[in-house]
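Observations on chain architecture
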Amino acid sequence: MILSPRVRKLREQSLNAVEKLSPERALLMTQFYRSDEARDLSAPVKRAKAFEYLLKKKKLYIGEGELIVGERGPAPKETSTYPEISLHSLKDLEILNSREKVSFKVDDEVKKIYEKEIIPFWKGKSNRDRIMSLMTPEWHNAYNAGVFTEFQEQRAPGHTVLGYKMFKTGFLKLKEEISQSISKLDYYTDTQAYEKYEELSAMNIACDAIIMYANRYADELEQLAKGERDKLRKGELKKMAAVCRKVPANAPENVHEMLQHYWFIHQGVIIELNPWDSFNPGRFDQHLYPVYKKEKEMGTLTDEELFDLLGCFWVKFNNHPAPPKIGVTASESSTYTDFCLINLGGVKPDGTDAVNEISYILLDVIREMRILQPSSMVQISRKNPDRYIHKALEIIRTGFGQPSCFNTEAIIQEMLRQGKNIIDARNGGASGCVETGAFGTEAYWLTGYFNLPKVLELTLNNGFDKRTNTQVGLKTGHAKDYESFDDLMNAFKAQVNFLIDIKIRGNNVIEKTFATWLPVPFLSLLVEDCIKNGKDYNNGGARYNTSYIQGVGLGSITDMLTSIRYNIYDKRRFKWNNLIEAADADFNGFEHIQHDLIYDTPKYGNDDDYADQHAVAVFEIFYDAVNGRPDSRGGIHRINMLPTTSHVYFGSVIGATPDGRKAKKPLSEGISPSQGVDKQGPTSVIKSASKIDHLRTGGTLLNQKFAPQFFEDEESYNCLTALIRSYFALDGHHIQFNVVNAKTLREAQKYPELHRDLIVRVAGYSDYFNDLGEDLQNEIILRTEHEEA
Amino acid sequence: MKGLIFSVKRYSIHDGPGIRVTFFMKGCPLSCWWCHNPEGLNPQPEIVEMTEKVGDKEFIKKEEAGSYYAVNEIIDILEKERIFISQSNGGVTFSGGEPMLQQEFLLEALKACKANGYHTAVDTSGYSQIENYKTIIPYTDLFLFDLKHLDDAKHYQFTSVSNTLILRNFKLILDSGKDTHVRIPIVPGFNDDREHLNELKSFLLKVKTENLKKICLLPYHKIGASKYKRFKIPYRMDGVKPPSRERMNELKNFFSETGIKVKIGG
């Protein structure tokens, strides 16, 4: 497959478009909230009316040559803001405009609009303000110390993926379901019948709104077709108009309709609010295959037309950077990527091999498009053929970090353990970075990263945080008070439980603010069983509800605990005083101690049980603290192990540590070993990483750097395939490969302008190397050099 | 009984089929000019100095190159890698140095590996008593057999031993019916002249048996050069350039005419 001139041009336009802040949505939202129409409405109906208002008033965009239409903002990469969630101050706008990484251009005109219209109306009224005022002093202390982050402070909960149902149905059909659900309301015994009525009415409005929006596009396309002189384009515009007339009101019946159908749905979700992980077509090869096959048999679609449509569709994702983040949220997720993760392969609902022709075609699209968004992954089941894995490896080899590799059997077992039925489990996959979910039926919210090494630091300091000068944890004692290693572990466990309690208390309030003030009637249409239950997605309407807390720094804390056990308690090489003195000096003048800690102490990632036992111990403590705790939506709190970019932020709030790490340096990411300490190669890393029980998580992240020479011939592909299959046989959840050499990276750092397209694997996603902070760039270079050595 | 091993390589993918563990045994009767494992030459443990950096500060650590392993320790290591070996149809490879120099240990290790179900490979220079090979053949699934030069004088000059014994053992192994990969280092100026290459080709055609599965052409490289300094051994290959990729492909085509599968690299 080669890209057509049309797709090449659209791709280039998308790459070159500058991320820019658009005030359109904020302005329309303000107008609506000010209007008489908005008064005296229940929360769901108000949000539905707001959604309708946005779709009625927002500017349409039809780019030259486009086959799939619709943008969140007025044009590609012109990015909306969500003042009802989080209001940007003028200072925030200045930071967004001027910061070096992940910036958004903010025109003076936009600043003026913010100053005059947006800020005066929303000041003190955004949900972020609400959340911050509702949190306890303990929560604020822990948050400020960097013990955890809060996902929902600037973005709405999302973390969900479209399932089979919506690829086979239209919104007119949903309206029927809604009216059935309304007619079944039991006002005699169901005390929530009225709330359900309001919610269902809101969903009905949202259905009409998205159909109306598609018709606006149909009208506009027909207009354009009339004026179009180019005969070919005229035909295209007419066809596009007909498609928009048909979907999403009705079920799509061919490839073009399906792509446009999904894209309207995607827009609806990200215009309604700014949910995390934007949204996602999920098991895309499975959804596309039936319509593709039908068209192939009927001869209504050539390969060229198919690639053209897919290319146009791909560009749409890349046109939509994640909405601007600031503060801690920007640190934990410093990227334009919005984590839309296309799933390929895996198994069908009946459990058989799901790899099909479209899986291979989409791998071609991924290779040829080579753009940041959407992200892509291959689900690998033991039933999937080696050829499919080889094809994925060929793309991975080119060093752009995609696709990442996931273990279908692990994903299914994780979901079965959580009580999902087998069909829903097989229809699921991973989204975001690595998060397991039942697609189309589950609301699986990430609530915040949890800084495990920070908790250890607090445990060694009687719960006191030196950096913020506050008592954050329990007063369990100082390092030298712990007479045995077990004493220390018991204190650590008490601290984890205490701080997780604070986090969960916060979660239970924060989630409720979304249920109460910010329902999402449109998103609720898409996830079963919201319509059936008459309940909003943000209020536990989905069939399955899960709240995750993501553990960060497993490799680092394992090395820290290993070092403490080895050097202080087992070998008695140092006394606590020596170690504390050295760490307090950030090892300056104590390099001999630091040397022993780094080079002469067992480390995680080498299949050494002495070290790895601490990974298991920490995992179990974290798991026990979180797993099974109820959330506010009738769901359950669970754990997963992924960092996005929070391991850099979390490292920046921790002083020098017993593993020889200097103050403020990044922590290890995911469940990968600390940078550069794995000395035995990938098999030992995999053995260490599989000692924790992945199946009791909702996802783990393992990053493995490879020099390109591991990808040189068929035998090496066979070995890599076996390596992946081995990890998955050991129940590993996910593995991703960074194939790049350090020289290239250094060059890119020096001459960023020459390496605009350099994409590397960060942690759970790929990013432009240029868009990474310098510290993260350096970290990736170090890891790569280590790999080459 | 213990064997002296200077390196254990996991995820070894070029020393036989699949994912393997390669044990590099210390001590070699040859001393090839281009040897990239000079730490494998001396049959005794040696102390080497390693530089370890902490920030700007450098620490010199004395490290022993070569440790003694018991057979059960070899098996323990393999057991840790079992999942990868079984998923990839891999196994274990004994390389060196020259593993036959520790023939007794090698035999015991091979027996134990076979008893535990592992595919075994021996990477050898061919320079050992014919009786030694006869004892290990039953426990070896694959031989990686080096052929460096057919001319005895040249062979002696650049490896310090005669090739008579080597060629005889090569014949023995081919006749044993065990799978064999012949490995030919391509060393510019030593064995890559047209005349010698033609000789090699006719030789291989002549001895060719069904179990001669593969010809591996190993391009000379300089990766080992820095080790010479560390081991205080003079390096005699200064100025020799590694063969180009084009040259290697040319040679690959050339040897393919034998009808035997040819691969660049192990």
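As shown above, the structure is provided for reference.
Now for a quick tour of the structure. (Residues numbered from 1 in each chain as written. Chains lettered and ligands numbered in written order. Predicted model: local features only at pLDDT ≥ 70, side-chain atom pairs only at ≥ 80, totals over all residues.)

Some remarks on the overall build of chain A
- Summing up its helical and strand segments, chain A has 32 helices and 16 strands in all.
- At 26 Å, chain A has a C-alpha radius of gyration in line with the 28 Å of a compact globule built from 789 residues.
- Principal axes of the C-alpha set define a box for chain A whose edges measure 85 × 60 × 55 Å.
- Here chain A, with 789 residues, has 59% of them falling under the buried criterion.
- Counting only contacts in chain A whose residues sit at least 6 apart along the sequence, the fraction spanning at least 24 positions is 78%. (Helix = DSSP H or I, 4+ residues; strand = E, 2+ residues; numbered from the N terminus. Rg over C-alpha atoms; globule rule 2.2 N^0.38 Å. Buried ≥ 20, exposed ≤ 12 C-beta atoms within 10 Å, placed from the backbone. Contact = placed C-beta atoms within 7 Å.)

A word on the sheet that holds strand 8 (residues 442-451) of chain A
Residues and elements named next belong to chain A.
- Strands sit in the order 8-11-12 across an open sheet of three strands; the sheet is parallel. Edge positions in the sheet fall to strand 8 and strand 12 (636-640), since each has one partner strand and no second. Ignoring strand direction, the axes of neighbouring strands in this sheet form an average angle of 30°.
- Set on the sheet, helix 27 (residues 609-626) makes contact with strand 11 (544-552) and strand 12; between it and strand 12 the angle comes to about 160°. (Pairing = 2+ DSSP bridges. Axes fitted to C-alpha atoms, helices over the stretch in contact; angles between N-to-C directions.)

Observations concerning the interface of chain A and chain B
- Taken together, the contact pairs 22 residues of chain A with 16 residues of chain B.
- For the side of chain A that touches chain B, the elements supplying multiple residues, two or more each, are helix 26 (591-599), helix 29 (682-689) and helix 30 (714-729) of chain A.
- Class assignment of the residues belonging to the side of chain A that touches chain B gives a composition of eight nonpolar, nine polar and five charged. (Nonpolar A, V, L, I, M, F, W, Y, C, P; charged D, E, K, R; others polar.)

Details of the environment of glycine 773 of chain A
Residues and elements named next belong to chain A.
- Position of glycine 773 relative to the elements: it lies in the loop between strand 16 (766-768) and helix 32 (774-788).
- Exposure remark for glycine 773: the 17 C-beta atoms within 10 Å place this residue in the partly exposed category.
- Considered as a pair, glycine 773 and arginine 25 are 748 residues apart in the sequence and their alpha carbons are 29 Å apart.
- With residues up to four places along the chain from it excluded, the contact list for glycine 773 reads Lys101, Ser334 and Val648.

Section: the pairing of strand 2 (residues 20-25) of chain B
Residues and elements named next belong to chain B.
- Counting buried residues along strand 2, six of its six residues qualify, which places the element largely inside the surrounding structure.
- In strand 2, alternate side chains face the same way, and those of Arg20, Thr22 and Phe24 on one face and Val21, Phe23 and Met25 on the other are all buried.
- Looking at chain direction, strand 1 (residues 2-12) and strand 2 are connected through five bridges and run antiparallel. Residue pairing in the sheet places valine 8 in a bridge with phenylalanine 23 of strand 2.
- With six bridges connecting them, strand 2 and strand 6 (residues 91-96) associate as parallel partners. Bridge pairing in strand 6 links methionine 25 to glycine 96.

Here we look at helix 20 (residues 452-459) of chain A
- Counted residue by residue, helix 20 of chain A has eight buried out of eight residues, so it is predominantly covered.
- Listed in full, the buried residues belonging to helix 20 of chain A are Leu452, Pro453, Lys454, Val455, Leu456, Glu457, Leu458 and Thr459 of chain A.

Focus on the pairing of strand 5 (residues 404-407) of chain A
Residues and elements named next belong to chain A.
- Here strand 5 shows a buried face lined by Ser404 and Phe406 and a second buried face lined by Cys405 and Asn407.
- With four bridges joining them, strand 4 (residues 375-380) and strand 5 adopt parallel strand pairing. Considered in strand 5, the bridge of valine 378 is made with cysteine 405.
- Chirality of the crossover, the property in question, places the unit of strand 4, helix 17 (residues 386-397) and strand 5 among those that are right-handed.
- Taken together, the two bridges between strand 5 and strand 14 (residues 734-739) define a ladder with antiparallel strand orientation. Across the sheet, the residue bridging to cysteine 405 is isoleucine 735, located in strand 14. (Right-handed = clockwise from strand over helix to strand, strands pointing away.)

Looking at unusual backbone geometry
- Here the amide bond leading from glutamate 528 of chain A into aspartate 529 of chain A is cis, since omega sits at 5°, within 30 degrees of zero.
- Here aspartate 529 of chain A lies in the loop between helix 22 (521-526) and helix 23 (530-533).
- Following glycine 96 of chain B, the chain continues into glycine 97 of chain B via a peptide bond in cis, with omega recorded as 15°.
- Despite not being glycine, serine 278 of chain A has its phi angle at roughly 40°, a positive value.
- By secondary structure assignment, the location of serine 278 of chain A is in the loop between helix 12 (255-272) and helix 13 (284-298).
- Its 26 C-beta neighbours within 10 Å are what place serine 278 of chain A among the buried residues.
- The phi dihedral of aspartate 731 of chain A falls on the positive side, at around 75°, and the residue is not glycine.
- Checked against the element boundaries, aspartate 731 of chain A lands in the loop between helix 30 and strand 14.
- Aspartate 731 of chain A sits in the partly exposed class, given 18 other C-beta atoms within 10 Å.

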